[in-house]
Amino acid sequence: QGVTFTIFIETTASSVKIGTNGTDKYVGSLRVGVAGAAANTYVPGATNDFINLNGTTTGGIAGSIIRITALTANKYLVQGNVIASGAVATPFADS
């Protein structure tokens with residue numbers, strides 16, 4: 001509990017998957033936006049245990065940052081700003 005992981009995308013990534021062990025879940029939110037345009041804030045669904053960045057709509061462009069903090073035995077707080085392109089979409093998914 002209390003351990004924080006910071007993931008910084010230095011070079012645009014075309015496929016990044018940040019997952020739990022399948023029983024742990026995410027809470028919190030990620031802000032996904034396109035440079036010079038409005039951003040959307042996405043909240044994980046109750047069963048979401050992965051963050052998928054594709055380098056375009058779900059983010060992963062250089063400069064994106066995600067912080068994940070262990071809250072309890074099966075819960076992680078996720079916070080961050082993810083840079084995307086095109087029509088943004090949620091980066092949260094089920095395994």
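See the structure shown above.
These notes cover the structure that comes with them.

The rules behind these values
Residues numbered from 1 in each chain as written. Predicted model: local features only at pLDDT ≥ 70, side-chain atom pairs only at ≥ 80, totals over all residues. Heavy atoms only, no water. Helix = DSSP H or I, 4+ residues; strand = E, 2+ residues; numbered from the N terminus. Rg over C-alpha atoms; globule rule 2.2 N^0.38 Å. Buried < 20%, exposed > 50% of the residue type's maximum accessible area, 1.4 Å probe, protein only. Pairing = 2+ DSSP bridges.

## Concerning the overall build of the protein
Phase 1: Broken down by element type, the protein carries zero helices and nine strands.
Phase 2: Scanning the protein from its N terminus toward the C terminus, one meets helices and strands in the order β-β-β-β-β-β-β-β-β.
Phase 3: For 95 residues, the compact-globule estimate of 2.2 N^0.38 gives 12 Å, and the protein sits close to it at 12 Å.
Phase 4: Each of the three principal axes of the protein carries a C-alpha extent, and together these read 40 × 25 × 20 Å.
Phase 5: When each of the 95 residues of the protein is scored for burial, the buried share is 37%.

## Here's the deal with the sheet that holds strand 2 (residues 16-19)
Phase 1: Taken together, three strands build an open sheet; the order of strands is 2-6-9 and the sheet is antiparallel. Two strands close off the open sheet at either side, each with one partner strand: strand 2 and strand 9 (92-93).
Phase 2: One ladder, built from four bridges, connects strand 2 with strand 6 (residues 50-53); its direction is antiparallel. Along strand 6, the bridge assignment pairs Val-16 with Leu-53.

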